[in-house]
2 protein chains.
Amino acid sequence: MESKKFLLNEKDIPQVWYNVIADMKVKPRPLINPGTKQPLKAEDLYPLFAKACADQEMNYTDRFIEIPDEVRELYRIYRPTPLVRARALEKALDTPAHIYFKNESVSPVGSHKLNSAIAQAYYCKAEGVTNITTETGAGQWGAALSMAAKHFGLELAVYMVKISYEQKPYRRSIMQTYGAEVIASPSMSTKAGRKIITDHPNYSGSLGTAISEAVELAMSTPNCKYVLGSVLNHVALHQTVIGLEAEKQMELAGEYPDTVIACFGGGSNFSGLAFPFLRHNLSGERNTRFIAAEPSSCPKLTRGEFQYDFGDEAGYTPLIPMYTLGHNFSPANIHAGGLRYHGGGAIVSQLKHDGLIDAVDIPQLETFEAATLFARTEGIIPAPESSHAIAATIREALKAREAGEQRVILFNLSGHGLIDMTAYDRYFSNDLANYEVGDDEIRRNTAQLEKII
Amino acid sequence: MESKKFLLNEKDIPQVWYNVIADMKVKPRPLINPGTKQPLKAEDLYPLFAKACADQEMNYTDRFIEIPDEVRELYRIYRPTPLVRARALEKALDTPAHIYFKNESVSPVGSHKLNSAIAQAYYCKAEGVTNITTETGAGQWGAALSMAAKHFGLELAVYMVKISYEQKPYRRSIMQTYGAEVIASPSMSTKAGRKIITDHPNYSGSLGTAISEAVELAMSTPNCKYVLGSVLNHVALHQTVIGLEAEKQMELAGEYPDTVIACFGGGSNFSGLAFPFLRHNLSGERNTRFIAAEPSSCPKLTRGEFQYDFGDEAGYTPLIPMYTLGHNFSPANIHAGGLRYHGGGAIVSQLKHDGLIDAVDIPQLETFEAATLFARTEGIIPAPESSHAIAATIREALKAREAGEQRVILFNLSGHGLIDMTAYDRYFSNDLANYEVGDDEIRRNTAQLEKII
């Protein structure tokens with residue numbers, strides 16, 4: 001009755017990433033220059049991103065892209081990660097479903113974010129870049145990039161949303177321990193920051209502002225690139241090590257998932273787990289269901305519009321074709337900070353539009369209820385973000401019980417919650433609420449955007 | 001140049017624990033009843049501890065003790081843990097020494113403490129116990145026991161030192177998430193607690209008081225046992241899975257350590273790593289050096305006296321033959337809360353007395369300097385406790401560089417520091433100090449104790 005772990009050897013760390021775009025019959029629409037309204041080419045992204053990342057972003061043809069040796073070397077600190085059959089959870093739910101989870105929480109920063117942080121830091125280093133910059137909300141991405149930047153000897157400046165900087169000092173300290181400079185955003189270090197501070201002296205920051213500051217710093221600093229932790233195609237690409245490993249591990253378990261579930265913010269961990277399994281759907285070989293689990297308070301895939309929208313609040317980025325709540329949408333301050341993003345990214349949105357993946361939205365209290373059950377059965381306290389995947393899994397497992405069906409569900413445990421215990425504290429003190437978004441609010445925020453279809 | 005991981009399969013999780021007492025030529029002195037001054041028998045401990053644990057405590061003859069299947073099953077959540085060759089650290093130190101560490105931080109609660117928590121909770125369950133109780137200082141032990149107790153369906157009450165309860169809310173929340181009841185000590189739930197609160201209304205608690213409360217609760221509650229996370233022989237026994245695994249992994253690496261290092265509080269992680277290697281010294285086969293790394297602010301092995309002393313401040317426990325600073329010694333409030341214990345336990349103290357192991361004491365600032373270097377090279381932020389082992393390792397590696405010797409050093413990374421980031425914050429803010437203990441203070445605290453020799 002105990003939970004069972006399926007382990008791989010280091011030689012099983014994938015040699016390649018999987019580029020799902022190559023297999024998509026309908027490709028994602030191109031990124032568009034908001035000024036000229038023309039599609040972007042990879043070269044247009046070279047000033048901002050590492051060339052290799054820009055090329056990967058626009059690669060619509062190569063199914064597999066080789067993982068550099070230096071990246072695989074560093075993956076070995078925590079990869080391959082375990083796949084676990086969650087028998088204790090199954091028993092607690094009294095479900096005939098077999099529940100598996102891929103445990104990405106075992107990385108030294110506690111989440112899957114390292115999979116792309118290592119790759120992006122490596123490419124910057126290989127191209128002679130000396131400085132990189134990024135933004136972070138809750139801090140999972142900033143922590144991962146800090147560790148990777150230090151390894152490759154890159155200087156890193158992280159713009160951290162001011163309210164998180166003040167309320168989540170643990171994540172800030174983690175970044176500093178790895179040697180990164182952490183700046184509360186808005187800051188006086190950029191024009192964008194100075195303007196906001198001058199106009200609104202008490203403004204507590206937003207991801208959009210932090211992106212603007214990081215982009216400005218990258219563009220105005222010699223030999224400095226900007227690095228992003230989700231949303232973009234090349235980030236999803238790097239994360240496919242999760243699903244490629246899980247595929248081999250499901251073979252060890254002697255099963256194949258009929259349902260694959262991950263939480264959804266900008267798509268990094270969902271894409272990472274789902275895409276390698278999705279390729280067998282795209283080839284007609286399998287018929288797995290994919291469920292992106294997003295917060296009810298930020299329901300872009302379930303309730304947003306499929307439009308061209310900016311990636312940031314300030315409108316500095318290219319236009320991205322995606323399900324969006326509008327780049328000015330301001331999500332409620334839920335504890336799953338990593339899921340508070342307005343858009344679904346180009347690939348996932350296209351897949352959703354074409355009916356190749358599903359999405360559900362889950363209220364905050366249901367996620368903490370699920371997280372607590374998971375901790376008390378499987379022994380791991382999940383991150384508030386990952387708890388959305390657990391809640392969606394529990395819904396499916398209970399449906400299987402109703403139907404008396406022996407199903408196989410695989411979800412991604414994208415991170416642990418040991419650095420998020422204040423959220424649990426508030427949950428146990430009945431100090432958390434659910435947040436619903438009104439149709440009016442969504443309409444208002446998406447009305448001015450350019451419809452794709 | 002990258003660090004290299006040595007992994008075992010689940011079938012390599014040890015089948016037995018190693019009982020070093022069986023191989024010791026000079027056995028530890030017996031525990032003594034403070035009233036009668038007579039040696040204790042296992043039966044004398046039955047009212048307080050699980051019978052199996054009491055029997056293990058007094059087992060001086062069996063070299064290996066079988067690990068129950070149910071315990072091995074649960075070990076599989078995180079075991080076998082990796083052994084890592086720390087090449088990035090070696091490079092940063094420019095040392096010819098080969099540095100290995102056993103990574104116990106990968107457990108779901110972030111430390112080695114689960115190794116004994118699982119065993120003790122299992123034995124309680126197997127003997128029909130329904131309730132258990134313990135004390136915790138910083139909270140690593142309490143967190144591990146909470147997880148294990150929930151798994152075996154035991155009710156758990158944890159007395160947490162009041163100042164930690166208030167200052168370390170993350171660890172408290174972890175225990176609550178696993179379903180444990182956490183009580184700030186001193187509390188109104190016991191006679192001992194009520195007396196202290198009445199006499200000293202603002203008293204912020206101590207480990208000694210918390211032990212007294214837990215012991216009183218266990219003795220006055222039907223079907224309730226007391227459980228301890230360090231110091232005692234059976235706890236050290238359970239922790240030997242660390243060293244037994246590491247031994248196989250060093251074989252995979254093709255080397256054998258000439259120096260084995262672990263931090264030292266009550267001895268649980270030191271014993272766990274060291275004893276399996278020590279058995280080859282005791283048999284005359286090897287000549288490895290063992291170093292227990294303790295804080296300068298709590299230097300029982302390096303500067304304490306070898307005497308009979310109580311295990312708790314209040315004097316409720318049997319007398320233990322050990323190096324001690326006196327049970328009334330009040331260590332400075334360093335961040336390595338797990339190392340703030342006055343005594344060395346019976347086995348380790350006897351080994352130290354007989355010259356079979358060494359000890360060093362390390363000032364707080366050196367441990368954080370070492371921790372930061374480790375985080376920035378090996379990518380893992382260590383617990384403040386484990387950082388003592390890292391600092392001692394760095395000292396040895398630098399000596400090897402001086403001497404031009406290619407040595408092989410193995411240390412235990414007993415836990416990660418992700419839940420201790422306030423300590424790092426204070427270090428980076430130059431807000432931490434070193435604490436030295438005066439000879440007078442030690443003499444004063446040990447003067448009234450009964451010398452062993």
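Note that the structure is a prediction, hence the values are computed from the model and not measured.

Undergrad: Looking at this model, I keep getting lost on the relation of the copies chain A and chain B. Mind explaining?
TA: Put simply, the two copies of the chain differ by a rotation about an axis and a shift along that axis. Taken as rigid bodies, chain A and chain B are interconverted by a rotation of 180 degrees and an axial shift of 0.0 Å, the fit giving an RMSD of 0.0 Å. Read as a symmetry element, the transformation amounts to a two-fold axis. A shared interface surface links the copies, since 100% of the contact residues of chain A are contact residues in chain B too.

Undergrad: Could you clarify how one ought to interpret the environment of Tyr341 of chain B in this entry?
TA: Residues and elements named next belong to chain B. Structurally, Tyr341 is set in the loop between strand E13 (319–324) and helix H15 (346–353). Of the residues examined, Tyr341 reaches a relative accessible area of 11% and is grouped as buried. Residues Tyr341 and Lys300 lie 41 residues apart in sequence; the distance between their C-alpha atoms is 8.5 Å. The contact partners of Tyr341, leaving out residues within four places of it in the chain, are Leu207, Val231, Gly265, Gly266, Cys298, Lys300 and Gly311.

Undergrad: Honestly, unusual backbone geometry in this entry has me stumped. Any pointers?
TA: The omega angle of the peptide bond from Ser185 of chain A to Pro186 of chain A is 10 degrees, so this bond is cis rather than trans. Relative to the helices and strands, Pro186 of chain A resides in the loop between strand E8 (181–185) and helix H9 (191–199). In this structure, the amide linkage connecting Arg79 of chain B to the following residue, Pro80 of chain B, adopts the cis form with an omega of -5 degrees. Here Pro80 of chain B shows up in the loop between helix H3 (69–75) and strand E4 (83–85). The phi dihedral of Lys37 of chain A is positive, around 65 degrees, even though this residue is not glycine. In this structure, Lys37 of chain A sits in the loop between strand E2 (16–18) and helix H1 (42–45). For Lys37 of chain A, a relative accessible area of 43% corresponds to the partly exposed category. Unusually for a residue other than glycine, Val231 of chain B sits at a positive phi of about 70 degrees.

Undergrad: Looking at this structure, I do not really get the environment of Gln15 of chain B. What am I missing?
TA: Residues and elements named next belong to chain B. Within the fold, Gln15 resides in the loop between strand E1 (4–6) and strand E2 (16–18). Looking at Gln15, the relative accessible area reads 48%, which means it is partly exposed. The spacing of Gln15 and His112 is 97 residues in sequence and 18 Å in space, taken between C-alpha atoms. Those residues within four positions of Gln15 in sequence are excluded, and the remaining contacts are Glu66, Ile67 and Arg72.

Undergrad: What's the story with the side chain of Ser187 of chain B in this structure? I'm lost.
TA: Residues and elements named next belong to chain B. Structurally, the position occupied by Ser187 is in the loop between strand E8 (181–185) and helix H9 (191–199). Looking at Ser187, the relative accessible area reads 5%, which means it is buried. At 2.7 Å, the side chain of Ser187 forms a polar contact with the side chain of Ser189. When near neighbours in sequence (up to four residues on either side) are disregarded, Ser187 contacts Tyr159, Gly193, Arg194, Ile197 and Glu213.

Undergrad: Help me understand the pairing of strand E12 (residues 305–310) of chain B in this model?
TA: In regular strands, side chains alternate between the two faces of the sheet. All names here are of chain B. Taken across its six residues, E12 has five buried, putting it largely inside the fold. Sheet analysis places E12 next to E13, joined by six bridges and oriented antiparallel. Opposite Phe310, over in E13, you have Leu319 as the bridge partner. With two bridges joining them, E12 and strand E16 (residues 450–451) adopt antiparallel strand pairing. Paired with Tyr308 across the bridge in E16 is Glu450.

Undergrad: Looking at this structure, how should I read the packing of helix H13 (residues 268–282) of chain A against helix H15 (residues 346–353) of chain A?
TA: Between two packed helices, both the angle of their axes relative to each other and the distance between the axes serve to describe the pair. All names here are of chain A. As a packed pair, H13 and H15 sit with axes 12 Å apart at the nearest point and diverge in direction by 50 degrees. In this view, H13 runs oblique relative to H15, as classed from their interaxial angle. Both H13 and H15 take part in a crossing whose hand is left-handed. Contacts between H13 and H15 involve Phe270, Ser271, Phe275 and Leu278 from the former and Ile347, Val348 and Leu351 from the latter.

Undergrad: Is there a simple way to think about a negative patch on the surface in this case?
TA: All names here are of chain A. Together, Glu43, Asp44, Asp55 and Glu127 make up a region of like negative charge exposed at the surface. Topologically, Asp55 is positioned in helix H2 (residues 51–57). Taking the relative accessible area as the measure of exposure, Asp55 reaches 36% and is therefore partly exposed.

Undergrad: Can you walk me through the packing of aromatic side chains in this structure?
TA: Geometrically, a pair of aromatic rings is defined through the distance of the ring centres and the angle of the planes. Residue and element names in this part refer to chain A. Under the criterion given, the structure shown has 32 aromatic pairs over all chains. Judged by centre distance (5.1 Å) and plane angle (75 degrees), the ring pair of Phe101 and Phe374 falls under edge-to-face. With Phe101 in strand E5 (residues 98–103) and Phe374 in helix H16 (residues 364–378), this pair connects stretches of sequence that are 273 residues apart. Phe374 shares its class with Phe101; the two are buried. Summarising the aromatic geometry, the rings of Tyr427 and Phe428 are spaced 5.4 Å apart at their centres and angled 55 degrees between planes, so their arrangement reads as tilted. Judged by its relative accessible area of 31%, Phe428 falls in the partly exposed class. Each member of the aromatic cluster is reached from another via a ring pair, and the members are Phe368, Tyr424, Tyr427 and Phe428.

Undergrad: Would you mind going over the sheet that holds strand E13 (residues 319–324) of chain A with me for this structure?
TA: Strands pair in a sheet through their backbones, by hydrogen bonds, and they do so in one of two ways: parallel or antiparallel. All names here are of chain A. One open sheet holds the three strands; their spatial order is E13-E12-E16, and the pairing between them is antiparallel. Every other strand in the sheet has two partners, leaving E13 and strand E16 (450–451) as the edge strands with one partner each. Where H15 meets the sheet, its contacts fall on strand E12 (305–310) and E13, and the angle it forms with E13 comes to roughly 45 degrees.

Undergrad: Where do I start with the interface of chain A and chain B in this structure?
TA: Accessible area lost during the coming together of the parts is what is often quoted as the interface size. The interface is formed by 42 residues belonging to chain A together with 42 residues belonging to chain B. At the boundary of chain A with chain B, total buried surface from both sides reaches about 3800 Å², with 56% on carbon and sulfur atoms. Scanning the region where chain A abuts chain B turns up two salt bridges. The residue Asp425 of chain A makes a salt bridge to Arg172 of chain B at a minimum N-O spacing of 3.7 Å. Along the contact surface separating chain A from chain B lie 12 residue pairs in polar contact (both at pLDDT 80 or more). Of all the secondary structure elements, the ones that give two or more residues to the side of chain A that touches chain B are strand E1 (4–6), helix H3 (69–75), helix H6 (140–151), helix H8 (169–177), H16 and helix H18 (421–428) of chain A. With seven residues, H8 of chain A is the largest single contributor of residues to the side of chain A that touches chain B. Per-class residue counts for the side of chain A that touches chain B are 18 nonpolar, 11 polar and 13 charged.

Undergrad: Looking at this model, I keep getting lost on the sheet that holds strand E7 (residues 155–161) of chain B. Mind explaining?
TA: Residue and element names in this part refer to chain B. Spatially, four strands are ordered E8-E7-E6-E9 in an open sheet, and the strand pairing comes out parallel. Bordering the open sheet on either side are E8 and strand E9 (224–226), each of which pairs with just one other strand. For this sheet, the mean inter-axis angle between neighbouring strands, taken without regard to orientation, is 25 degrees. Where strand E6 (residues 131–136) meets E9, three bridges bridge the pair, whose relative direction is parallel. Within the sheet, the bridge partner assigned to Ile132 lies in E9 and is Lys225. Each of E6 and E7 touches helix H6 (residues 140–151); the most contacted strand, E6, lies at about 165 degrees to it.

Undergrad: Looking at this structure, I do not really get empty space enclosed by the protein. What am I missing?
TA: Where empty space is left can be seen by rolling a probe of water-molecule size over the atoms. Taken as a whole and judged by the stated rule, the model has 13 cavities of 30 Å³ or more. Counted as a void, the largest cavity has a volume near 870 Å³. Lining the largest cavity are 47 residues, with Tyr78, Pro82 and Val106 of chain A together with Pro82 and Val106 of chain B sitting closest to its centre. Broken down by secondary-structure element, the contributors of at least two residues to the lining of the largest cavity are E1 and E5 of chain A together with E1 and strand E5 (98–103) of chain B. Here the second largest cavity is characterised by a volume of approximately 190 Å³. In terms of lining residues, the second largest cavity is bounded by 17 residues, among which Phe49, Leu228, Leu232, Thr317 and Pro318 of chain A are the most central. Residue composition of the lining of the second largest cavity, by class: 13 nonpolar, three polar and one charged.

Undergrad: Before we go on, may I ask you to explain the pattern of salt bridges in this structure?
TA: Proximity of charged atoms lets side chains of opposite charge pair with each other. All names here are of chain A. Under the counting rule described, the total for this entry stands at 42 salt bridges over all chains. Residue Glu245 is joined to Arg79 by a salt bridge in which the shortest nitrogen-to-oxygen separation is 2.8 Å. You can see Glu245 sitting in helix H12 (residues 241–253) and its partner Arg79 sitting in the loop between H3 and strand E4 (83–85), a full 166 residues away along the chain. Take Glu245: its relative accessible area is 0%, and that puts it in the buried class. Counted as one network, the salt bridges with shared partners bring together Asp258, Arg289, Asp358, Glu396, Lys399 and Arg407.

Scoring rules and cut-offs
- Residues numbered from 1 in each chain as written.
- Chains lettered and ligands numbered in written order.
- Predicted model: local features only at pLDDT ≥ 70, side-chain atom pairs only at ≥ 80, totals over all residues.
- Heavy atoms only, no water.
- Least-squares fit on C-alpha atoms with pLDDT ≥ 70 in both.
- Contact = heavy atoms within 4.5 Å.
- Helix = DSSP H or I, 4+ residues; strand = E, 2+ residues; numbered from the N terminus.
- Buried < 20%, exposed > 50% of the residue type's maximum accessible area, 1.4 Å probe, protein only.
- Polar contact = N/O pair within 3.5 Å; in protein donor to acceptor, adjacent residues only side chain to side chain.
- Pairing = 2+ DSSP bridges.
- Axes fitted to C-alpha atoms, helices over the stretch in contact; angles between N-to-C directions.
- Parallel < 35°, antiparallel > 145°, perpendicular 65-115°, else oblique.
- Left-handed = near helix turned anticlockwise from the far one by under 90°.
- Patch = residues over 30% accessible without salt bridge, like charges linked within 9 Å, V, L, I, M, F, W, Y side chains within 5 Å.
- Areas by Shrake-Rupley, 256 points an atom, 1.4 Å probe, with all protein chains shown as cover.
- Salt bridge = Lys/Arg side-chain N within 4 Å of Asp/Glu carboxyl O.
- Lys, Arg positive; Asp, Glu negative; His and termini not counted.
- Charge placed at Lys NZ, Arg CZ, Asp CG, Glu CD.
- Phe/Tyr/Trp six-rings, centres within 6.5 Å; stacked < 30°, edge-to-face > 60°.
- Buried area = accessible area lost by both parts, 1.4 Å probe.
- Nonpolar A, V, L, I, M, F, W, Y, C, P; charged D, E, K, R; others polar.
- 1 Å grid on protein atoms, 1.4 Å probe; cavity = no way out; pocket = protein on both sides within 12 Å on 5 of 7 lines; lining within 4 Å.
- Points joined across faces, edges and corners; volume = space filled by probe spheres on them.

Function cannot be read off these values alone, since they describe shape.
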